[in-house]
Every structure is written in C-alpha cells, then in structure tokens.
Amino acid sequence: MSSPRLEIPQELVNKIVDEFAADATTLAHLSLVSTSFNARCREYLFSAVEFCGERPDRKHFRDFASILDNNPDVVSNIRELRLWDGNHTYGARMPWMVNDTTFHQTLRTLADNRQLTNFMWGADYHWSSLPKGLRQALLQIFSAPNLSLVRLWGLAAVPQACFASLNNLTELALTEVNIQRGNNLSAVGAPHLRMLYIADMDSGSCQNLLDAFLPHEGVFPSLVDLDINIGPKSQNDMVALKEFVRAGSQTLTGFSWVNECTSFTCETYRPNCHLH
C-alpha cells in the first residue's frame, strides 16, 4: 500500500521558494519538486529575459524558444525584456538578433504578454536599417498594454509613434536616441510619467518627444524627476530644454541639467525656478 501523498499548502510553498528568489540554481531544482513549486519558481526564473549580441547567446535563445514551444504559459511570467549589444561599445552590433526571423517572432509573442512592464534596448542602429520583421516586433513591444519602464540607447530615427503609444509609461531613459517625426499623431498625454532622463539628444528629437506626449502647452501631470544631460549648441536647443521644464514645473521635485559648459541641479524644484 502506497503512502498517502503529502500536500503542502501553497502559502508555505511560496515562502520556501521566496527564500531562494535570487538563487537561480536552487530555483531550478525546486521547480522539479511539484507543480505548485514549479509555478512559483517560474515567477522568478522567467521574470526577466535578456539577450545580447554575443554569438554564444544565440544558443541561449534557441533553448529559451524551445521552452516556450513546450510551455507557452511561461510567457505570462516575463515582466522585463532586455536586448543589448553585449559590451556597450560605440558602434556595437547584435547581428544574430537583427537577422534571426524566429527571434523576431518570439519578440512579438512576448509583446502580447500583458505582464510585460520593462523594456531595454542597448545597441547602435538606425531604425530603417532593421529588417521589417524586427521593426514590427519593436512596434508591438512599444504598444504592450502595461509597458511602464523603457530604456533606450543608441537607436536612431525611432518613429514618433512608438512614444505616442506608451499609455502607462512611468519611467523613460533615452541616451543617444534620435526620434523621427510622424504624421497625424494624437499625444498620449503621459499621465503616469514620473521619471524622465535624456542624454545626448538633439533639439528636434526632444521636441518630437514632447509632441508625442503632450498637446501644445500641455503639462506632465505626474512628473517628479527630470534629468537632462544635453549640451545646448544654439538658442533652439535652449527652447526645447525650457519646454521640458515648463511642462513639468507643476509637479517636479527633482531637476538636474548637466552639460559640458554648465551644471545646474536642485533637490527641490519650485515652479518659480526658471532657466534664463
């Protein structure tokens, strides 16, 4: 006669697994204990997915794609997606990710995930140089319904529409990003945007970003932290900078502006603090 099976309450299972949240090896072993352990372990093992441009990572993707084929519900555990060149060097590339059509389809699957909240891109590419399949996948990611944190580095000529679709954005960081103006866009309003970081962007891209977020003379209703690292080269650059400050002046509590010529920071920003 077999021994009765011991059922562990899910609350206890969760507590056990939570103790090893940062230990991927132990989580992998615990996931084999039972269905209840497996479900909790997946929340940590697949919460963040990262692919880099270094060739060994292509096998990592193939293994990941195989897991998705056999366990499609894993997608619902993914909250963060990171794509980067592997070494953060200027002009770096991630060729296998750009050219692999299976990878593009996987990105589209991840973009349909309502749990996806964070997205990071870190590689030096011009939007028009990307294959159509990858561009479509990226557009889908920007339209993910609950995407709230976006960090982009090195991407040129990004369509303005990408930013106009970020309805639930709370944090945005852009470095060496160029934004291409679009037609007939409705400003998203950026009602939840709390943190905005901009570095090494031209004034035209700054204005295009503002226009994607706000109607003329609009304001950021929730912005509390504005960090700008731009060296104005002309009066037009200063106009764009002042417009960011004006749009956030009702709610800002932290403001920093740094460039090669000057540095101005204030821990508590007041609406009557103006740039001249």
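You'll find the structure just up there.
Residues numbered from 1 in each chain as written. Predicted model: local features only at pLDDT ≥ 70, side-chain atom pairs only at ≥ 80, totals over all residues. Heavy atoms only, no water.

Student: An account of the environment of alanine 240 is needed here, citing residue identities and associated values.
Tutor: Its place among the elements puts alanine 240 in helix α10 (residues 235-248). In this structure, the C-alpha to C-alpha distance between alanine 240 and aspartate 202, residues 38 residues apart in sequence, is 9.3 Å. Discounting chain neighbours no more than four positions away, the residues touching alanine 240 are Ser203, Cys206 and Leu210. (Helix = DSSP H or I, 4+ residues; strand = E, 2+ residues; numbered from the N terminus. Contact = heavy atoms within 4.5 Å.)

Student: Describe the nonpolar core, with residues and values.
Tutor: General note: in soluble globular proteins, nonpolar side chains tend to be found buried as a group. Ranked by size, the top nonpolar core spans 74 residues in total, and within it Trp121, Phe163 and Phe213 carry the most contacts. With six residues, α10 is the largest single contributor of residues to this core. Leaving out residues up to four positions away in the same chain, phenylalanine 213 has contacts with Phe163, Leu169, Leu172, Ala187, Val188, Gly189, Ala190, Leu193 and Phe220. Of all hydrophobic cores here, the second largest spans six residues; its members include Leu27, Leu30, Phe37 and Cys41. (Core = buried A, V, L, I, M, F, W, Y, C linked by side-chain atoms within 4.5 Å. Buried < 20%, exposed > 50% of the residue type's maximum accessible area, 1.4 Å probe, protein only.)

Student: Tell me about the pattern of salt bridges, and name the residues and values.
Tutor: Here the structure, examined in full by the defined rule, presents 11 salt bridges. Put simply, arginine 40 and aspartate 18 hold a salt bridge, and the shortest N to O gap is 3.0 Å. One end of the pair, arginine 40, is in helix α3 (residues 35-45); the other, aspartate 18, is in helix α1 (residues 10-18), and 22 residues separate them in sequence. Note on aspartate 18: relative accessible area 29%, which makes it partly exposed. With its nearest N and O atoms 2.9 Å apart, the salt bridge here joins aspartate 73 to arginine 42. You can see aspartate 73 sitting in the loop between α4 (56-70) and β2 (80-84) and its partner arginine 42 sitting in helix α3, a full 31 residues away along the chain. (Salt bridge = Lys/Arg side-chain N within 4 Å of Asp/Glu carboxyl O.)

Student: Give me the pairing of strand β4 (residues 149-156): which residues, what numbers.
Tutor: The buried fraction of β4 is high, at six of eight residues. Sheet analysis places strand β3 (residues 118-126) next to β4, joined by seven bridges and oriented parallel. Bridging from a neighbouring strand, phenylalanine 119 pairs with valine 150 of β4. With helix α7 (residues 132-142) bridging β3 and the parallel β4, this β-α-β connection has right-handed handedness. Both β4 and strand β6 (residues 171-175) contribute to a ladder of five bridges, which runs parallel. Bridge pairing links leucine 152 to leucine 174 in β6. (Pairing = 2+ DSSP bridges. Right-handed = clockwise from strand over helix to strand, strands pointing away.)

Student: I'd like a description of the packing of aromatic side chains, backed by residues and values.
Tutor: The final tally for this structure, using the stated rule, is 11 aromatic pairs. Judged by centre distance (6.0 Å) and plane angle (80°), the rings of phenylalanine 119 and phenylalanine 142 are edge-to-face. Of this pair, phenylalanine 119 sits in strand β3 while phenylalanine 142 sits in helix α7, and the two are 23 residues apart along the sequence. With a relative accessible area of 2%, phenylalanine 119 lands in the buried category. When its relative accessible area of 1% is taken as the criterion, phenylalanine 142 is described as buried. (Phe/Tyr/Trp six-rings, centres within 6.5 Å; stacked < 30°, edge-to-face > 60°.)

Student: Quick rundown of helix α9 (residues 203-213)? Include the residues and the values.
Tutor: Residues of α9 that are buried include every one of Ser205, Cys206, Asn208, Leu209, Leu210, Ala212 and Phe213, and no others. If you check the start of α9, you find a side-chain oxygen 3.0 Å away from the backbone N of glycine 204, and it comes from aspartate 202. (Polar contact = N/O pair within 3.5 Å; in protein donor to acceptor, adjacent residues only side chain to side chain.)

Student: How would you explain the packing of helix α6 (residues 101-111) against α7 if you had to name every residue and give the values?
Tutor: One way to put it is that α6 packs onto α7 with a least axis distance of 8 Å and a crossing angle of 10°. One element, α6, and the other, α7, form an angle in the roughly parallel class. Of the two elements, α6 crosses α7, and the hand of that crossing is left-handed. The segment α6 lies against α7, with His104, Leu107, Arg108 and Ala111 engaging Gly133, Leu134, Gln136, Ala137, Gln140 and Ile141. (Axes fitted to C-alpha atoms, helices over the stretch in contact; angles between N-to-C directions. Parallel < 35°, antiparallel > 145°, perpendicular 65-115°, else oblique. Left-handed = near helix turned anticlockwise from the far one by under 90°.)

Student: Tell me about the packing of α1 against α3, and name the residues and values.
Tutor: One way to put it is that α1 packs onto α3 with a least axis distance of 9 Å and a crossing angle of 40°. Compared by their axis directions, α1 and α3 come out oblique. Considering the relative orientation of α1 and α3, their crossing is right-handed. When α1 is examined against α3, the residues Gln10, Val13, Asn14, Ile16, Val17 and Asp18 are found in contact with a partner set consisting of Ser36, Phe37, Arg40, Cys41 and Tyr44. Grouping the constituent residues of the contact of α1 with α3 by class yields six nonpolar, three polar and two charged. (Nonpolar A, V, L, I, M, F, W, Y, C, P; charged D, E, K, R; others polar.)

Student: Please set out α6 residue by residue, giving values where relevant.
Tutor: Because each turn of an α-helix spans 3.6 residues, side chains separated by three or four positions in sequence point in the same direction. For α6, the complete set of buried residues consists of Phe103, His104, Thr106, Leu107, Leu110 and Ala111. Seen end-on, α6 carries its buried residues on one side only, within an arc spanning 160°. Two or three places before threonine 102, at the opening of α6, aspartate 100 has a side-chain oxygen 2.9 Å from that residue's backbone nitrogen. (Arc of directions from axis to C-beta.)

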